[in-house]
Amino acid sequence: MQTIKEYVQSNQERFLEELFALLRFPSISADPAYKKDVEKTADFVAEKLKEAGADNVEVCPTAGNPIVYGEKIISDDLPTVLVYGHYDVQPADPLELWDTPPFEPTVRDGKIYARGAADDKGQFYMHVKAFEYMMKNDALACNIKFMIEGEEEVGSANLATFVKANKERLQNDVIVISDTSMISMEQPSLETGLRGLSYVEVEVTGPNRDLHSGVYGGAVANPATILAKLIASLHDENNHIAIPGFYDDVIELSDEERDALNKAPFDIEEYKSDLGVADVWGEKGYSSIERTGTRPTLEVNGIWGGYIGEGAKTVLPSKAFAKISMRLVPNQNSERITNLFKEHFEKIAPSCVTVKVKPHHGGEPVVTPTDSIAYKAAEKALEDAFNKKPIPTRGGGSIPIVALFEKELGVKTVLLGFGLDSDNLHSPNEKYGIENYLKGIETIPSFFKYFAELSK
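Residues numbered from 1 in each chain as written. Predicted model: local features only at pLDDT ≥ 70, side-chain atom pairs only at ≥ 80, totals over all residues. Heavy atoms only, no water.

1. Describing the overall build of the chain
At step 1: Counting its secondary structure elements, the chain contains 12 helices and 21 strands.
At step 2: Seen through its C-alpha atoms, the chain measures out along the principal axes to roughly 80 × 50 × 45 Å.
At step 3: Partitioning the intrachain contacts of the chain with sequence separation of at least 6 by distance along the chain shows that 79% fall at a separation of at least 24.
At step 4: Looking at the chain, you have 48 positive and 71 negative side-chain charges, and the mean spots of the two groups are 3 Å apart. (Helix = DSSP H or I, 4+ residues; strand = E, 2+ residues; numbered from the N terminus. Contact = heavy atoms within 4.5 Å. Lys, Arg positive; Asp, Glu negative; His and termini not counted. Charge placed at Lys NZ, Arg CZ, Asp CG, Glu CD.)

Below you can see the structure in the form of structure tokens.
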């Protein structure tokens, strides 16, 4: 029997080549043009689960993209771990900002550059390879189930239907998700909470057609200008979100909780240098760590309207658009926040334009317990791998399905992520460290071992 370290070392090249093959699929769920590539990716994942030793592997159709399911049940007396991940990725645009092609993985300075490298192909595939090791070395300490979906990046529109229809099949004792980050490879951490999400698109319409900006400019409202003013009004002088009722349900952290959170290693100068900014920005009265993990936000994700081609065109646009996301914290509700935004945005719009607010998708904030058997198992596994106890942190991102799982399956989730905040998620030049990938494979079997032991 090989130890996990020996197994990873002897199979490192193969593990990397398999991940590279997975990363070459442009499985972009937001663009229907990539539908066939998404389906090919699901087939690839299913085949790798079979090769690793999973039973009952199935590419399950949905109204959207398929969900890959597989399992290995070794004893009814053992606890069951459900591994969730997603094989779909964000669009790669803008392509011109990538140093190397987004779907041709390239290694530079020990990091794999490709769309999906960290989010989430590299991270969920760690579990496939750890499972392979446990099967080949008779080291699988728990039953295991895999559910790898293809719509996470567009709001997991069909996952709830699948989960509700397969509750018995998906029964488990804990869900493990590796789609989050830790502080650094020198200081491991475990995320104990995630923010919720409300995502909307707004449309501002003025005249019934684009107009000559000389003939009509100054006499007819410009939707692009009005949109800019409306968006600017959504924050006050302290960068506080200026939507009535927005903060009504926010649970404020105690002084003790804030102090504990701010003890996590954080170099503000290194942070600014990495981002290429002269200073940070955000809600007055809170640190950068608090702003990105424990406070709600409102951000413009895209804004457009009028002529944006080469050269000049003196036009007053008929329409202007923006996509806006709001990150939410306990105890906020995504549906309520979406309605508050819609009512406020429509109310403040001047009569010279019409406004439409189109909700896209949302999800609820979650907090995971740090005193559970599953958290303690993850903590011990990370401590073994890094020789250092992980620090509990709050994640700034959103994984809406965590709240769904808790509601429908009645179980909590452990966020066992090995990414870094600097991995350029959703950005050009996304990357994932080879060391992170291999360290994740090494750590996962220990989690299974400790979870089984602590569950007795």
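Read on, since the account is not over.
2. Here we look at a negative patch on the surface
At step 1: Among the surface-exposed residues, Asp255, Glu256, Glu257 and Asp259 lie close enough to one another that they form a single negatively charged patch.
At step 2: Along the chain, glutamate 257 falls in helix α6 (residues 255-261).
At step 3: Taking the relative accessible area as the measure of exposure, glutamate 257 reaches 42% and is therefore partly exposed. (Patch = residues over 30% accessible without salt bridge, like charges linked within 9 Å, V, L, I, M, F, W, Y side chains within 5 Å. Areas by Shrake-Rupley, 256 points an atom, 1.4 Å probe, with all protein chains shown as cover. Salt bridge = Lys/Arg side-chain N within 4 Å of Asp/Glu carboxyl O. Buried < 20%, exposed > 50% of the residue type's maximum accessible area, 1.4 Å probe, protein only.)

3. Description of a nonpolar patch on the surface
At step 1: On the surface, a cluster of nonpolar side chains totalling about 340 Å² of accessible area is made up of Phe266, Tyr271, Leu275 and Val277.
At step 2: Examined against the element boundaries, phenylalanine 266 turns out to sit in the loop between α6 and α7 (268-275).

4. Quick look at the layout of surface pockets
Where empty space is left becomes clear once a probe the size of a water molecule has been rolled over the atoms.
At step 1: One number sums up the size of the second largest pocket: a volume of about 370 Å³.
At step 2: Residue lining of the second largest pocket: 16 residues in total, with Ala160, Gly362, Gly363, Pro400 and Leu404 positioned closest to the centre.
At step 3: Examining the composition of the lining of the second largest pocket, we find that 5 residues originate from one element, helix α11 (residues 401-409), more than from any other.
At step 4: Residue classes in the lining of the second largest pocket are distributed as 7 nonpolar, 5 polar and 4 charged.
At step 5: Residue-level mapping places the lining of the second largest pocket at the junction of two domains, with at least three residues from each of domain 1 (4-194 + 365-455) and domain 2 (196-250 + 296-363). (1 Å grid on protein atoms, 1.4 Å probe; cavity = no way out; pocket = protein on both sides within 12 Å on 5 of 7 lines; lining within 4 Å. Points joined across faces, edges and corners; volume = space filled by probe spheres on them. Nonpolar A, V, L, I, M, F, W, Y, C, P; charged D, E, K, R; others polar. Domains from an automatic or database assignment.)

5. Quick word on the domain arrangement of the chain
Accessible area lost when the parts come together is the quantity often used to give the size of an interface.
At step 1: Split into domains, the chain comes out as domain 1 (4-194 + 365-455) and domain 2 (196-250 + 296-363).
At step 2: Taking the mean C-alpha position of each, domain 1 and domain 2 sit 35 Å from one another.
At step 3: Across the boundary between the two partners, domain 1 contributes 9 residues, which contact 10 residues of domain 2.
At step 4: Summing both partners gives a buried area of about 690 Å² for domain 1 against domain 2, and 64% of it is carried by carbon and sulfur.
At step 5: Contact with domain 2 buries surface across domain 1, with Pro365, Ser398 and Pro400 losing the most and accounting together for 64% of the total.
At step 6: The interface formed by domain 1 and domain 2 holds 0 salt bridges in total.
At step 7: Viewed at the interface, domain 2 and domain 1 are joined by 2 residue pairs in polar contact (both at pLDDT 80 or more).
At step 8: Counted by class, the side of domain 1 that touches domain 2 contains 5 nonpolar, 4 polar and no charged residues. (Buried area = accessible area lost by both parts, 1.4 Å probe. Polar contact = N/O pair within 3.5 Å; in protein donor to acceptor, adjacent residues only side chain to side chain.)

6. Notes on the pattern of salt bridges
At step 1: As enumerated under the stated definition, the model contains 23 salt bridges in all.
At step 2: Here lysine 323 ties to glutamate 201 by a salt bridge, and the two come within 2.7 Å at their closest N and O atoms. Residue lysine 323 is found in strand β15 (residues 319-328), and its partner glutamate 201 is found in strand β11 (residues 196-205); the two are separated by 122 residues along the sequence.
At step 3: The class for lysine 323 is partly exposed, based on a relative accessible area of 25%.
At step 4: Among the residues examined, glutamate 201 registers a relative accessible area of 16% and is labelled buried.
At step 5: Taking the shortest distance from any N to any O, the salt bridge between lysine 342 and glutamate 346 comes out at 2.9 Å. Within this pair, lysine 342 and its partner glutamate 346 are both found in helix α9 (residues 334-348), separated by 4 residues, close to a single helical turn.

7. Some details on the sheet that holds β11
At step 1: Here we have 4 strands laid out as an open sheet, ordered β13-β15-β11-β16, and antiparallel in their pairing. Strands with a single pairing partner mark the edges of an open sheet, and in this sheet they are β13 (297-305) and β16 (354-363). Strand-to-strand, the axes of this sheet are offset by a mean angle of 15 degrees, without reference to chain direction.
At step 2: Taken together, the 9 bridges between β11 and β16 define a ladder with antiparallel strand orientation. (Pairing = 2+ DSSP bridges. Axes fitted to C-alpha atoms, helices over the stretch in contact; angles between N-to-C directions.)

8. Some points on the packing of aromatic side chains
At step 1: Scanning all chains against the criterion turns up 12 aromatic pairs.
At step 2: Geometrically, the ring pair formed by tyrosine 84 and phenylalanine 405 is edge-to-face, given 5.6 Å between the ring centres and 70 degrees between the ring planes. In this pair, tyrosine 84 sits in strand β3 (residues 80-86) while phenylalanine 405 sits in helix α11, placing the two residues 321 residues apart along the sequence. An identical accessibility class is assigned to tyrosine 84 and phenylalanine 405; each is buried.
At step 3: Measuring from centroid to centroid gives 6.0 Å for phenylalanine 447 and phenylalanine 448, while their planes differ by 90 degrees, and the two rings are edge-to-face. One exposure class covers both phenylalanine 447 and phenylalanine 448, and it is buried.
At step 4: Counting every residue linked through ring pairs, the aromatic cluster contains Tyr7, Phe15 and Tyr133.
At step 5: Taking the ring centre of tyrosine 450 as reference, the NZ or CZ of lysine 380 above it sits at 4.7 Å. (Phe/Tyr/Trp six-rings, centres within 6.5 Å; stacked < 30°, edge-to-face > 60°. Lys NZ or Arg CZ within 6 Å of the ring centre and 35° of its normal.)

9. As for unusual backbone geometry
At step 1: Look at the link from aspartate 93 to proline 94: it is a cis peptide, with omega at -5 degrees.
At step 2: Relative to the elements of secondary structure, proline 94 occurs in the loop between β3 and β4 (106-108).
At step 3: Cis geometry marks the peptide bond from aspartate 119 to aspartate 120, where omega comes out at 5 degrees.
At step 4: Along the chain, aspartate 120 turns up in helix α3 (residues 117-136).

10. Observations concerning α11
At step 1: Of all 9 residues making up α11, 7 are buried, and the element is well covered by its neighbours.
At step 2: Within α11, the full set of buried residues consists of Ile401, Val402, Ala403, Leu404, Phe405, Glu408 and Leu409.
At step 3: Looking one or two residues beyond α11, the residue adopting positive phi is glycine 410, at roughly 70 degrees.

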